[in-house]
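# Coordinate inspection notes
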Amino acid sequence: MAYDYDLFVIGAGSGGVRASRIAAGHGARVGICEDFRVGGTCVIRGCVPKKLLVYGSKFAHEFEDAAAYGWTLAPPTHSWATLRDNVAKEVDRLNGVYLRLLEGAGVKLHMGRGRLMDRHTIEIAGQTVTADKILVATGGAPVVPEIPGREFAITSNEAFHLPELPKRIAIVGGGYIAVEFAGIFNGLGAEVDLVLRRDRVLRGFDEECRTAVHDSLKQSGITMRTEMQIQRIQATNGKAPFTVHTQLGGMFETDLVMYATGRAPNANGIGLDKAGVQVDKAGAIAVDEWSKTTADNIWAVGDVTDRINLTPVALMEGHCFADTEFGGKPRKADHRDVPSAVFCQPELANVGLTEEEARMRLGEIRVFTSAFKPMKYTLSGRQQRTFMKLIVEAATDKVVGVHMVGDDAAELVQGLAIAVKAGATKAHFDATVGIHPTAGEEFVTMRTARVEPAPSRKAAE
Ligand SMILES: Cc1cc2nc3c(=O)[nH]c(=O)nc-3n(C[C@H](O)[C@H](O)[C@H](O)COP(=O)(O)OP(=O)(O)OC[C@H]3O[C@@H](n4cnc5c(N)ncnc54)[C@H](O)[C@@H]3O)c2cc1C
């Protein structure tokens, strides 16, 4: 049967755009649909605008530190409107870049929400198209729990467009989006309450790093409301200020509540059942190692599959799919040793296993740590420390985990991730000459393993 397209992609975000462009480059006739803005979460309301806000908020610390280096500045003031609008302009520019990328690759864009009608038919805004193969790349969306007053809360989606900067903000959640926005609003001058159910932020990351980040958030003036759950949000005549009611009758007041408690895959209402595509218990599209769903001609990549929800992973999955199905170059996405970062202030970055995972999976390990005051703050006196950790498998001497909490951790760990991916040993690290004076040289000068057992604050949850 002749189809309109060889490939139709639902969702023009990181994974969908990459897959469609590569498939078209391999000669496929490709269509794609998008119901919001081409570029997806990362470009429009995720990584990119978030990182720009992080840059904006960091100037506050730079101004403070400048004095010890001899600079005299008039007390700096900040315009949220300028930052917000400049970020929006950059997002518009990138949206245009993505539109041109699709056009240049010969991918036909259909604006509108896509829905599967059967295994080969997609409906987009009343129009029907057919395709031999289909890729679902619809991403995920923030979830706000069903509590009274949830309609007053915003999510990261709205945080980029606030009419004004709140004087006080309560950010709910302990994951990376919550701590990143806590740092942003804190740097821009808001009073920040970080409300989390657990005793520490960033569950799933290395325990010592979690503690280091948690302590630095506290140190920077953020109020850490740990082991707390919100019962309801009460507005004043339908608007701010809000009274946040917590479990056990506690309450506090704030001007804005932002939920960052999790994201759910966009797998509902897109006709998966009509095409025989099954979801897992968590509602994510179930896929095999080739990103193939339970339907033979339908694949899914990115956040909608809830594997590792990061842009470079969605790109890798989309690229592998396109090369495999249209390029005659079969390859599977490799989810091992994916580096990642949390753009809190200072940053956390890591690659490989946490200490807790390494102990569980590998048995005997050697752990090297270093904690120090960065040179930059020796003059300014800023109470900020850097923490670094290497985890080495004892039997093979391989470095299986690299972790860092400190300035520029993400930039540094990106380079070290190549070494880990290449199977570098601790001996390779030791044989590497440092660049002096840097924080990074510490990674090649850690000579003495920590005496076991580790002084872990709390067993992995
Ligand atoms: C605040 C925030 C910060 C983040 N920061 C980082 C970071 O620093 N680094 C990092 O690696 N990752 C980060 N992420 C995660 C990253 O954005 C995602 O992992 C990535 O965008 C996933 O790509 P995707 O292709 O799966 O989905 P998306 O990029 O979300 O794209 C899905 C697209 O599909 C569209 N869509 C959905 N349903 C339909 C439909 N039925 N029909 C048509 N179109 C549809 C959506 O509008 C969207 O454009 C962040 C996410 C958030 C929310």
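Structure shown above.
My aim in this report is to walk through the structure given alongside it, one point at a time.

The next point concerns the overall build of the protein. Secondary structure summary: the protein contains twelve helices and 21 strands in total. Taking 2.2 N^0.38 as the reference for a compact globule, 461 residues should give roughly 23 Å; the C-alpha atoms of the protein span a radius of gyration of 24 Å, in line with that estimate. For the protein, the spread of C-alpha atoms along the principal axes amounts to about 70 × 65 × 45 Å. By the burial criterion, 49% of the 461 residues in the protein qualify as buried. Sequence separation of at least 24 residues holds for 63% of the intrachain contacts in the protein that already meet a minimum separation of 6. For the protein, the computed accessible surface area is about 21,500 Å², with 53% contributed by carbon and sulfur atoms. Once the 53 positive and 56 negative side-chain charges of the protein are each reduced to a mean point, those two points are 1 Å apart.

On to the packing of aromatic side chains, then. This structure, assessed with the given rule, holds seven aromatic pairs. With centroids separated by 5.7 Å and ring planes inclined at 70 degrees, the aromatic side chains of F160 and F181 adopt a geometry described as edge-to-face. Highlighted residues: F160 in the loop between helix 5 (156-159) and strand 8 (168-172) and F181 in helix 6 (residues 176-187), separated in sequence by 21 residues. Exposure class is identical for F160 and F181. Each is buried. In textbook terms, an aromatic cluster arises when at least three aromatic residues are bridged by ring pairs, as seen for F160, F181 and F185. The ring centre of F368 lies 4.2 Å from the NZ or CZ of K426, which sits over that ring.

Another aspect to go through is the packing of helix 3 (residues 47-66) against helix 6. With their axes 7 Å apart at the nearest point, helix 3 and helix 6 run at an angle of 40 degrees to one another. Comparing the axis directions of helix 3 and helix 6 gives the class oblique. For the pair helix 3 and helix 6, the crossing hand works out as left-handed. Taken together, the residues of helix 6 that come into contact with helix 3 (itself represented by K50, L53, V54, S57 and A60) are Y176, E180, F181, G183, I184 and G187. Of the residues contributing to the contact of helix 3 with helix 6, the split by class is six nonpolar, three polar and two charged.

On to helix 3. Helix length check: helix 3, at 20 residues, gives a terminal C-alpha distance of 28 Å against a target of 28 Å (1.5 Å per residue), a fit within 8%. Three or more residues of helix 3 are buried, namely P49, K50, K51, L53, V54, G56, S57, D65 and A66. Among the structural elements, helix 2 (40-45), helix 4 (80-105), helix 6, helix 10 (376-380) and helix 11 (409-421) are those in contact with the buried residues of helix 3.

Moving on, we come to the state of the cysteines. Disulfides are covalent bonds that link the sulfur atoms of two cysteine residues. Going through the model one piece at a time under the given rule, you end up with zero disulfides. No disulfide involves C33; its sulfur sits 19 Å from that of C42, the nearest cysteine. Of the residues examined, C33 reaches a relative accessible area of 1% and is grouped as buried. C344 supplies the cysteine sulfur nearest to C209, a cysteine that is in no disulfide, at a spacing of 10 Å.

So, on to a nonpolar patch on the surface. Taken together, the side chains of F59, F63, Y69, W71, L73 and L379 present a nonpolar region at the surface, about 660 Å² in accessible area. Assignment of secondary structure puts L73 in the loop between helix 3 and helix 4. On the basis of relative accessible area, L73 is assigned to the partly exposed category, the value being 44%.

In this section: the sheet that holds strand 13 (residues 251-254). Taken in spatial order, the three strands of this open sheet run 11-12-13, and their pairing is antiparallel. Strands at the two margins of the open sheet, each flanked by one partner only, are strand 11 (230-236) and strand 13. Between one strand and the next, the sheet's axes are offset by a mean angle of 25 degrees, whatever the strand orientation. By the bridge criterion, five bridges tie strand 11 to strand 12 (residues 239-246) in an arrangement that is antiparallel. Paired with I230 across the two strands is T246, which belongs to strand 12.

All right, on to the site of the ligand then. Near the ligand lie 38 residues; those nearest to it are G15, E34, T41, K50 and G114. Contact distances for the ligand include 2.4 Å between an oxygen atom and a side-chain N or O atom of T41. Calculation on the ligand without its partners gives an accessible area of 1,000 Å², and the protein chains cover 95% of this total. For the shell around the ligand, the elements supplying multiple residues, two or more each, are helix 1 (14-25), strand 2 (30-34), helix 2, helix 3, helix 6 and helix 8 (311-326). Across the shell around the ligand, the residue classes break down as 14 nonpolar, 16 polar and eight charged. Counting contributing residues, the shell around the ligand receives three or more from each of domain 1 (5-142 + 264-326) and domain 2 (150-261).

So, how was this worked out
Residues numbered from 1 in each chain as written. Predicted model: local features only at pLDDT ≥ 70, side-chain atom pairs only at ≥ 80, totals over all residues. Heavy atoms only, no water. Helix = DSSP H or I, 4+ residues; strand = E, 2+ residues; numbered from the N terminus. Rg over C-alpha atoms; globule rule 2.2 N^0.38 Å. Buried < 20%, exposed > 50% of the residue type's maximum accessible area, 1.4 Å probe, protein only. Contact = heavy atoms within 4.5 Å. Areas by Shrake-Rupley, 256 points an atom, 1.4 Å probe, with all protein chains shown as cover. Lys, Arg positive; Asp, Glu negative; His and termini not counted. Charge placed at Lys NZ, Arg CZ, Asp CG, Glu CD. Phe/Tyr/Trp six-rings, centres within 6.5 Å; stacked < 30°, edge-to-face > 60°. Lys NZ or Arg CZ within 6 Å of the ring centre and 35° of its normal. Axes fitted to C-alpha atoms, helices over the stretch in contact; angles between N-to-C directions. Parallel < 35°, antiparallel > 145°, perpendicular 65-115°, else oblique. Left-handed = near helix turned anticlockwise from the far one by under 90°. Nonpolar A, V, L, I, M, F, W, Y, C, P; charged D, E, K, R; others polar. Expected span 1.5 Å × (residues − 1). Disulfide = S-S within 2.5 Å. Patch = residues over 30% accessible without salt bridge, like charges linked within 9 Å, V, L, I, M, F, W, Y side chains within 5 Å. Salt bridge = Lys/Arg side-chain N within 4 Å of Asp/Glu carboxyl O. Pairing = 2+ DSSP bridges. Near = heavy atom within 4 Å. Polar contact = N/O pair within 3.5 Å; in protein donor to acceptor, adjacent residues only side chain to side chain. Domains from an automatic or database assignment.

By themselves, these observations are geometric and do not establish any function.
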